[in-house]
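Chain and residue survey
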Amino acid sequence: MSFVEHTINPYQVALQQFNRASAHLRDIDDSLLEYMRYPRREFTVNFPVRMDDGSTKIHTGYRVHHSTVLGPSKGGIRYDSAVTLDEVRALAMWMSWKCSLVGLPYGGAKGGVIVDPRSLSMGEKERLTRRYASELIPLISPHSDVPAPDMGTDGQTMAWIMDTYSMTVGYSVPAIVTGKPLVIGGSEGRKQATGRGVITVMMEAMRRAGIMDSGSVRVAVQGFGNVGSHAAYYAHENGFKVVAVSDIQGGIYNANGLHIPSVMEHQTIYGTVVGFPGAESVSNSELLEVPCDVLIPAALENQITEKNADKIKAKFVIEGANGPTTPEADDILNGRGVTVVPDVLANAGGVIVSYFEWVQDLQAFFWSEDEIFRKMDPFLIRAYEVTTRMSEEKGIDMRTAAQVTAIKRVAEALKTRGFYP
Ligand code: NAD
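Thresholds applied
- All residue numbers refer to positions counted from 1 along the written sequence of the respective chain.
- Only residues with pLDDT of 70 or above have their local features reported here, since the model is predicted, and side-chain atom pairs are shown and tallied only from 80 upward, although totals for entire chains, interfaces and linings are computed over all residues.
- Heavy atoms throughout the structure, all of them, feed into the side-chain values; hydrogens and water do not.
- Where each domain starts and ends follows an automatic or database-derived domain assignment.
- Between two residues, a contact is recorded if the distance between any of their heavy atoms is within 4.5 Å.
- In short, buried area is how much 1.4 Å probe accessible area vanishes from two parts on joining, totalled over both.
- The rule for a salt bridge is simple: a side-chain nitrogen of Lys or Arg has to be within 4 Å of a carboxyl oxygen of Asp or Glu.
- Counted as a polar contact is a pair of N or O atoms within 3.5 Å, where, for protein atoms, one must be capable of donating a hydrogen and the other of accepting one, and residues adjacent in sequence contribute only when both atoms are in side chains.
- Under the scheme applied, nonpolar residues are Ala, Val, Leu, Ile, Met, Phe, Trp, Tyr, Cys and Pro; charged residues are Asp, Glu, Lys and Arg; polar residues are all the others, including Gly.
- Note on terminology: a nonpolar core comprises buried Ala, Val, Leu, Ile, Met, Phe, Trp, Tyr and Cys residues joined through side-chain atoms within 4.5 Å.
- Whether a residue is buried, partly exposed or exposed follows from its accessible area with a 1.4 Å probe, protein chains only, as a fraction of its type maximum: under 20%, in between, or over 50%, in that order.
- Working definition: residue near molecule or strand if any one of its non-hydrogen atoms lies within 4 Å of it.
- The Shrake-Rupley method, run with a 1.4 Å probe, gives the accessible areas here. Residue values count only the displayed protein chains as cover.
- The helix count covers DSSP runs of H or I at least four residues long, the strand count covers runs of E at least two residues long, and both are numbered beginning at the N terminus.

1. Focus on the domain arrangement of the chain
Entries for the chain in the domain assignment read domain 1 (39-187) and domain 2 (191-346). On the side of domain 2, nine residues touch domain 1, which itself brings eleven residues to the contact. Here domain 1 and domain 2 share an interface that buries about 860 Å² over both sides, 58% of which is from carbon and sulfur atoms. For E301, the salt bridge identified is with R78, shortest N-O distance 3.1 Å. The interface formed by domain 1 and domain 2 contains two residue pairs in polar contact (both at pLDDT 80 or more). Classifying every residue of the side of domain 1 that touches domain 2 by side-chain character gives five nonpolar, no polar and six charged.

Have a look at this one:
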């Protein structure tokens, strides 16, 4: 069962947000703004995959480059049965704003394949990934477009892409993807980076609100994958009370707090958080409305809409997922005084450490985990500061402020480079 609101088109949401930000960018030439509304290029591939039962299935995949103005495009690859071209377009656009906001030399991209990864055997997943990767070869390289994991893909997926690319060019190219396993040129800390960064950002929000006692802060996390599980883990590690977590199968709630390392063990054994002893069952939609102070949506887009925004009890929404809140829900939450720390800021830890991984691969010189996190946090805190400043200066919410800041930087670079030819 999918919880995505299919009636809400993520690209339309991204454009609505862009329009809101553009209204505060009157000094930018209309032609620059118009250019940034569209992806630079879009690639659709239809390709065969041999299944274990001997049949052949045709799959459809996408890769969208929204912008390459600041540098190579960067963005994850998603495997999900609900992937659409418009979803990939939106995610690519948000990557442009994210990279720009945190000051990385990257443009934005995203990829996706329409497939339920849980329906594939390991062999099928490998064949699908290798064929998709080889279809993308005209489009990707360490200097043009660098993929990474997203929903439904992981380090192993990246290893297959890296190997497929390397076999094609005839030598090993670790910098072709980020989020790889360490043994083939991955970075220390990349796996945890997004979730850890979400908690760095959450703690910055708490600090600015004068909330010092982490034990008094109740946190609920939707999604217990790469982002959600690490966010829950670091929240727990830092003394916050994680009262609810969920995955695609459902959620668990305990008002006294869940012991997250044990929930992680339970998930490793049973493949889900559901059934964790000593917790009540909640559905994914109920999870969003449980009594808590901080809500971290870390699954997928369009989870907080005008239908449930007024039922959310949290005072802070820290967006681990991309696009979890619709513009209508933003208005309701902002009207109620809820602080929404937007995706492009809150989950940027992942792309920051992806950038570190790429830099390490290019120079073939590797850093320790300590060094990685010591370098990551200042990027996030700086981005928080510039977003807050913009928000105060213009009297706008944090999402609009983050996008105004990000779009401004891309526009300046675009103006400086000029339109080719
Ligand atoms: P993942 O595949 O590791 O985990 C996704 C989690 O969401 C799983 O627990 C899954 O069970 C749950 N889920 C999937 N479909 C669901 C549904 N229909 N309803 C409720 N729960 C559902 O993915 P991830 O990498 O953790 O990505 C999660 C979100 O974070 C996505 O929006 C992604 O774009 C964003 N994000 C990821 C990274 C990264 O580094 N992986 C970086 C930035 C943002």
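2. Examining the nonpolar core
Formed by 88 residues in total, the largest nonpolar core has its most connected members in W97, M202, V245, I296 and I318. Within the second largest apolar cluster, 22 residues are counted, among which are I77, L120, I161 and Y165.

3. Overview of the site of the ligand
Around the ligand, the surrounding shell holds 24 residues, and the nearest of these are D150, T194, N226, I248 and N322. Here N226 contributes a backbone N or O atom positioned 2.8 Å from an oxygen atom of the ligand. A distance of 2.8 Å separates an oxygen atom of the ligand from a polar atom in the side chain of N322. Against a free-state accessible area of 830 Å², the protein chains account for coverage of 89% of the ligand. Listed by contribution, the elements that provide at least two residues to the shell around the ligand are α6 (190-208) and α7 (226-237).

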